[in-house]
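Listed below, chain by chain, are the residues.
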Amino acid sequence: MTAQTTLTASEEDLQQHFDRTIGEDQRIEPRDWMPEGYRRTVVRQIAQHAHSEIIGMQPEGNWITRAPTLRRKAILLAKVQDEAGHGLYLYSAVETLGADRGELTDRLITGRQKYSSIFNYPTLTFADVGVIGWLVDGAAICNQVPLCRSSYGPYARAMIRICKEESFHQRQGFELLMTMMKGTPGQREMVQDAVNRWWWPSLMMFGPPDAESPNTAQSMAWKIKRHTNDELRQRFVDMSVPQAEVLGVTLPDDELKWNAARGHYDFGEIDWTEFKRVVSGDGPCNVQRVAHRRRAHEDGAWVREAAAAHARRNTSE
Ligand SMILES: [Fe+2]
Ligand SMILES: [Fe+2]
């Protein structure tokens, strides 16, 4: 009885300390006590983010051997390697919470854990590389900059470095599109076609509308998330419209127009049926993306075995 009372009292102290840390905008660190729900939410968010970085290498990696010039190839290689690095920082960040990287990978390759819906669309031309850099990395920046202030310390710190690299990704995409827009009519058509295909899926990257996002309120209270999905989506639209004008491309939305009263651009209704379908595994490339990741994981088994054997030998010596 006494023991139980003591335990409850100390749990209350821990909870109070946690609440105070969050309230004062301090970071939660790996050895700090945290509510189970917080740990679970952070593990899920970082794991899905890590998976997205790794799966995100595929659509563009597809174009490395077909890049039109040595310069474009070097830029694309560097970009895809950065995405691998982002995945690795994030798997390391999630391991600080006791999650096991092998187990998370297993969830990904057996379809039990999600990644961003955007990477389930095909890359049909080299203009897609530019549009992914401009819009997809642009949307990632809108999502990720506020995460640099996320309450979980290792996640926030990983995001600072990742965001620096994402801004290079966006710049290279925009520069590629600018070059193509100054080229032939055929090149301009390729860019416009890629914009038509990627614009709506990019808006879906921010997740379901706030009214249908049940975890948002709790994640905001815990300061894991700093803005709602709809706020970030609006920020992305407001940022992209003037950039589209500079490029000279048309965004495929008749309802897109400046609303002076709101001080924001209004935009059309997103096809949420498509989003749900793609995120739940039934997009144009889901099967291919996961199968490719599974194959890469199996091909790498000998490396993991060798590394484990090496580590065992070093500790036994
Ligand atoms: Fe990334
Ligand atoms: Fe990126």
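Here the structure is shown first, and the text comes after it.
First, a word on what this report is: a plain description of the structure on this page. From a predicted model like this one, the values you see are computed outputs, not experimental measurements.

1. Details of the overall build of the chain
Here's step 1: When helices and strands are counted, the chain shows 13 helices and two strands.
Here's step 2: For 317 residues, the compact-globule estimate of 2.2 N^0.38 gives 20 Å, and the C-alpha radius of gyration of the chain, at 22 Å, lies within 12% of that figure.
Here's step 3: In terms of overall dimensions, the chain has C-alpha extents of about 80 × 60 × 30 Å along its principal axes.
Here's step 4: A separation threshold of at least 6 residues defines the contact pool for the chain, and within that pool the share at least 24 residues apart is 77%.
Here's step 5: Taking the 39 positively charged and 42 negatively charged side chains of the chain as two groups, their mean positions are separated by 4 Å.

2. Description of the coordination of the iron ion (ligand 2)
Here's step 1: Around the iron ion (ligand 2), the protein supplies Glu83 (OE), Asp137 (OD), Glu166 (OE) and His169 (ND1) as donor atoms, at distances of 2.0 to 2.2 Å.
Here's step 2: For the iron ion (ligand 2), the four donor atoms in the first shell make angles of 88 to 156° at the metal, so the coordination geometry reads as irregular.
Here's step 3: We note that the donor set of the iron ion (ligand 2) lies within a single chain, spaced as E-x53-D-x28-E-x2-H.
Here's step 4: In this model, the iron ion (ligand 2) sits 3.4 Å from the iron ion (ligand 1), the two metals being bridged by Glu83.

3. Digging into the packing of helix α2 (residues 36–55) against helix α5 (residues 101–109)
Here's step 1: Across the interface, α2 lies against α5 with an axial gap of 11 Å and an inter-helix angle of 65°. With respect to the hand of their crossing, α2 and α5 are arranged in right-handed fashion. Contacts between α2 and α5 involve Ala47, His51 and Ile55 from the first element and Leu104, Thr105 and Leu108 from the second.

What counts and how
- Residues numbered from 1 in each chain as written.
- Chains lettered and ligands numbered in written order.
- Predicted model: local features only at pLDDT ≥ 70, side-chain atom pairs only at ≥ 80, totals over all residues.
- Heavy atoms only, no water.
- Helix = DSSP H or I, 4+ residues; strand = E, 2+ residues; numbered from the N terminus.
- Rg over C-alpha atoms; globule rule 2.2 N^0.38 Å.
- Contact = heavy atoms within 4.5 Å.
- Lys, Arg positive; Asp, Glu negative; His and termini not counted.
- Charge placed at Lys NZ, Arg CZ, Asp CG, Glu CD.
- Donors = N, O, S within 2.8 Å, 3.2 Å for Na, K, Ca; no water.
- Tetrahedral: all angles 85-135°; square planar, octahedral: opposite > 155°, others 65-115°.
- Axes fitted to C-alpha atoms, helices over the stretch in contact; angles between N-to-C directions.
- Left-handed = near helix turned anticlockwise from the far one by under 90°.

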